[in-house]
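Each chain is listed here by its residues.
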Amino acid sequence: SIGRKFVLNYEGVPANSSQILIFGASSTQWGAARLPLSLQGFGATGCSLFVSFDFGITLATGKGNGSMGFAIPANSGLVGTSFYNQLLVLDAKANTAGITTSNAGKATIGKD
């Protein structure tokens, strides 16, 4: 909701690993690429990009879980706006690309 904090929790990632939390405005297109985009051709067998990579936040996990949050501005013009997110995990043992990906999430900004 506007004027509140958005919190994203994640778990089940390798302990002491680094991640990139991807945020995007689309779950269907990223530039010329249609989503979801299989990452198998890049060496990430079984992984797909489900959201446009518009920006990312680097995170680190100690015990395999974590959370991050940020404030949603108290701007009524944001109500109804959706954004998407996905976690990209740096995991050298996972595949030749050294990454795995999570499922995707969608958030829609509301009003209390």
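These figures come from a predicted structure and were not determined experimentally. (Residues numbered from 1 in each chain as written. Predicted model: local features only at pLDDT ≥ 70, side-chain atom pairs only at ≥ 80, totals over all residues. Heavy atoms only, no water.)

**Student:** Break down the pattern of salt bridges for me, citing the residues and quoting the values.
**Tutor:** Tallied over the full model, the rule gives 1 salt bridge. A salt bridge links Asp112 to Arg4; its shortest N-O distance comes to 2.6 Å. With Asp112 in the segment after strand E10 (99–108) and Arg4 in the segment before strand E1 (5–11), this pair connects stretches of sequence that are 108 residues apart. Classification of Asp112 by relative accessible area gives exposed; the value is 63%. (Salt bridge = Lys/Arg side-chain N within 4 Å of Asp/Glu carboxyl O. Helix = DSSP H or I, 4+ residues; strand = E, 2+ residues; numbered from the N terminus. Buried < 20%, exposed > 50% of the residue type's maximum accessible area, 1.4 Å probe, protein only.)

**Student:** Go over the environment of Ala104 with me, naming the residues and quoting the values.
**Tutor:** Relative to the assigned elements, Ala104 resides in strand E10. Since its relative accessible area comes to 41%, Ala104 is described here as partly exposed. Sequence spacing of Ala104 and Ala92 is 12 residues, and the spatial spacing of their C-alpha atoms is 22 Å. Ignoring sequence-local partners within four residues, the contact set of Ala104 consists of Phe50, Val51, Asn85 and Gln86. (Contact = heavy atoms within 4.5 Å.)

**Student:** Give a detailed account of the packing of aromatic side chains, specifying residues and quantitative values.
**Tutor:** For the structure shown, the criterion picks out 7 aromatic pairs. Plain terms: the ring middles of Phe6 and Phe83 are 5.2 Å apart, the flat faces sit at 75° to each other, and that makes the pair edge-to-face. In this pair, Phe6 is assigned in strand E1 and Phe83 in strand E9 (residues 82–90), connecting sequence segments 77 residues apart. On the basis of an interplanar angle of 50° and a centroid distance of 6.0 Å, the ring pair of Phe23 and Phe83 is categorised as tilted. Of this pair, Phe23 sits in strand E2 (residues 17–24) while Phe83 sits in strand E9, placing them 60 residues apart in sequence. What makes Phe23 buried here is its relative accessible area of 3%. (Phe/Tyr/Trp six-rings, centres within 6.5 Å; stacked < 30°, edge-to-face > 60°.)

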